[in-house]
Amino acid sequence: MTFADLGLSPEVLKAVDDSGYTTPTPIQEKAIPYVLMGRDVLGTAQTGTGKTASFTLPMIDILASGHTKARMPRSLILEPTRELAAQVSENFEQYGKYSKLSMALLIGGVSFSDQEAKLDRGVDVLIATPGRLLDHFERGKVLLNGVKTLVIDEADRMMDMGFIPDVERIVSLMPPLRQTLFFSATMSKDMRKLADKFLMNPKEVKVEAPSMAASTVVQGLIHVMKREKRPAIRQMLKGEGVKNSFIFCNRKKDVDILLGSLTKHGFNAGGLHGDMSQSHRMETLAKFKSGEISHLVCSDVAARGIDVSNVSHVFNFDVPTHAEDYVHRIGRTGRAGQEGNAFTLTNKGDEKYLAAIYKTIGKEIPKIELEGMEDIAAEGVDIDSRAKRQPKSRNARDGSSRRAPNPTREARPARGPRPTRDTKPVRETKPETQVEAVAAAPVAVEPVVEVKPQATDRNAKPKKTQRPRRSRYNRDDDDNPVLGLGENVPAFFKIEMRKSVEK
Ligand code: AMP
């Protein structure tokens, strides 16, 4: 089967040819003819299967006839994350280069005014995250009653992220007579129920997950103590064959902490998580894609769909608490049949998460031993003892508000962990795991150590006001509301009292 057999226009075929694709992937083969017929589609497919082209290519042809109207997009693609939305828009540009379609990308963290200007001119394709789209709607800047084609992409991810009420609201603003394409990596009962709400007599298409990535990805599990994680990650990053990597943490603050630690130890790393400003996220991702940054420490915001070729390693600093996330994370390496490596640090307490992962991937992850474990363990002890020397925060002492941030935990990474002597490669314990390198990582849960010079007086009270440091990423995050006047303090507030008294 060729792309020409699918009924696509010469313009789209030329763009596909320019992209170097010769054969449609199974999801493209199955979905494109139905989309061109105008049918609703219920697709079970993950990123990595060529799913994006399975809806963008036929949409370009469908939208080729017709006119745009100001603020009334003709089609809408909903994506759960800004990165995925941006990636889909890149795909549209790539495949639509011989078709004169206008497109707008509405994602958070980017100026409203540029987005509004595009909407005002009228767009054929609107690619959006649900929250930002509703913001525009509420400002009266976009109307959805002209949408004839709707794509709900990564629906299971939308559900995980709590976006379904927003999606339902968005759909309620659209005409009932439309074509809807609904894609999800998994198709649970809940997902099907949800799809039933949005779709009319859909054609169901399904492709298997692209292998669970298992055949080309060497996987390994390294058991460490929590306090040994950071030195262990550093060890692994130094291993032979580690060219670049995604390093996944379960929590955003651990992304910050680990990034700080790696940077301090001279690794060329960047960070990506949902609390960073969008401009910073895009910039970091672009640098990682271009090779300017070698290691991307990230939350699961980067686990799905981020398409970076030639990533040699994925490291899980933490075992993911959702089994599917494991599959998505390790799917960032070994793409398109290339070899990849995925290593996971585990510690006591992870057993139930590992059991769920084994069930999902249908096998156990082989256990691996890290060489240099003695040094790593010693360093872990050192990190631990430094953490214990830290004065506890007020909240931690009196157990008051559980929600109040613990300054020591919010803060930057531990100062001055001893340099490791650990450059030895990893030793395998199972023959099938051709481990080339393994990483170690930061201590996830230990109170993180703003190491101040230790008080010599043991009875001295800890300083009362240790203000939590703000993450460097939060400074310009558009999604964080500014409390009070922010930086916009009117000049008259700044008049010195003395002057008025003197009058
Ligand atoms: P997706 O599942 O849409 O994220 O696509 C995964 C990767 O496959 C992207 O890098 C696409 O550019 C690439 N791709 C899409 N369609 C094809 C195809 N027919 N042949 C080869 N690669 C493709």
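Refer to the structure printed above.
Residues numbered from 1 in each chain as written. Predicted model: local features only at pLDDT ≥ 70, side-chain atom pairs only at ≥ 80, totals over all residues. Heavy atoms only, no water.

A. Focus on the pattern of salt bridges. Scanning all chains against the criterion turns up 17 salt bridges. The salt bridge partner of Arg169 is Glu138, with a shortest N-O separation of 2.7 Å. Linking Arg169 in helix 8 (residues 164–172) with Glu138 in helix 6 (residues 130–138), this pair joins segments that are 31 residues apart in sequence. The class of Glu138 is exposed, set by a relative accessible area of 54%. For Glu204, the salt bridge goes to Arg192, with nearest N and O atoms at 2.8 Å. You can see Glu204 sitting in strand 7 (residues 203–206) and its partner Arg192 sitting in helix 9 (residues 189–198), a full 12 residues away along the chain. Its relative accessible area of 43% is what places Glu204 among the partly exposed residues. For Arg192, a relative accessible area of 33% translates into the label partly exposed. Three or more residues are tied together by salt bridges with common partners; here these are Lys51, Asp153 and Glu154. (Salt bridge = Lys/Arg side-chain N within 4 Å of Asp/Glu carboxyl O. Helix = DSSP H or I, 4+ residues; strand = E, 2+ residues; numbered from the N terminus. Buried < 20%, exposed > 50% of the residue type's maximum accessible area, 1.4 Å probe, protein only.)

B. A look at the pairing of strand 5 (residues 149–152). The alternating pattern of strand 5 places Thr149 and Val151 and Leu150 and Ile152 on opposite faces, both of which are buried. Two strands pair when backbone bridges link them, and strand 2 (residues 75–78) and strand 5 are joined in this way by 4 bridges, in the parallel orientation. Each residue of the ladder has a partner; that of Ile77, found in strand 5, is Val151. Alignment of strand 5 against strand 6 (residues 179–184), held across 4 bridges, turns out to be parallel. Of the residues in strand 6, the one forming a bridge with Leu150 is Thr180. (Pairing = 2+ DSSP bridges.)

C. Quick peek at the nonpolar core. Among the nonpolar cores identified, the biggest contains 31 residues, and Phe55, Leu57, Ile77, Phe92 and Ile127 are the most heavily contacted of them. Contributions of two or more residues to this core are made by helix 1 (10–19), helix 2 (26–37), helix 3 (51–62), helix 4 (82–95), strand 4 (125–128) and strand 6. The dominant element in this core, judged by the number of residues it contributes, is helix 3, at 5 residues. If we skip the residues at most four places from it in the chain, Phe55 touches Ile77, Glu79, Val88, Val151, Asp153, Leu181 and Phe183. By size, the runner-up hydrophobic cluster in this structure holds 30 residues, among which are Ala128, Val147, Leu150 and Phe182. (Core = buried A, V, L, I, M, F, W, Y, C linked by side-chain atoms within 4.5 Å. Contact = heavy atoms within 4.5 Å.)

D. Quick look at the sheet that holds strand 12 (residues 313–316). In space, the 6 strands of this open sheet follow the order 8-13-12-9-11-10, with parallel pairing throughout. Each edge of the sheet is formed by a strand with only one pairing partner; in this case those strands are strand 8 (217–223) and strand 10 (269–272). Averaged over neighbouring strand pairs, the angle between their axes works out to 20 degrees when direction is ignored. Docked against the sheet, helix 13 (residues 323–330) engages strand 8, strand 9 (245–248), strand 12 and strand 13 (340–346), running at close to 150 degrees with respect to strand 12. (Axes fitted to C-alpha atoms, helices over the stretch in contact; angles between N-to-C directions.)

E. Structural detail: the environment of Ser279. Looking at the secondary structure, you find Ser279 in helix 12 (residues 278–290). Residue Ser279 is classed as partly exposed on the basis of its relative accessible area, which comes to 47%. In sequence terms Ser279 and Gly108 are 171 residues apart; their C-alpha atoms lie 9.9 Å from each other.

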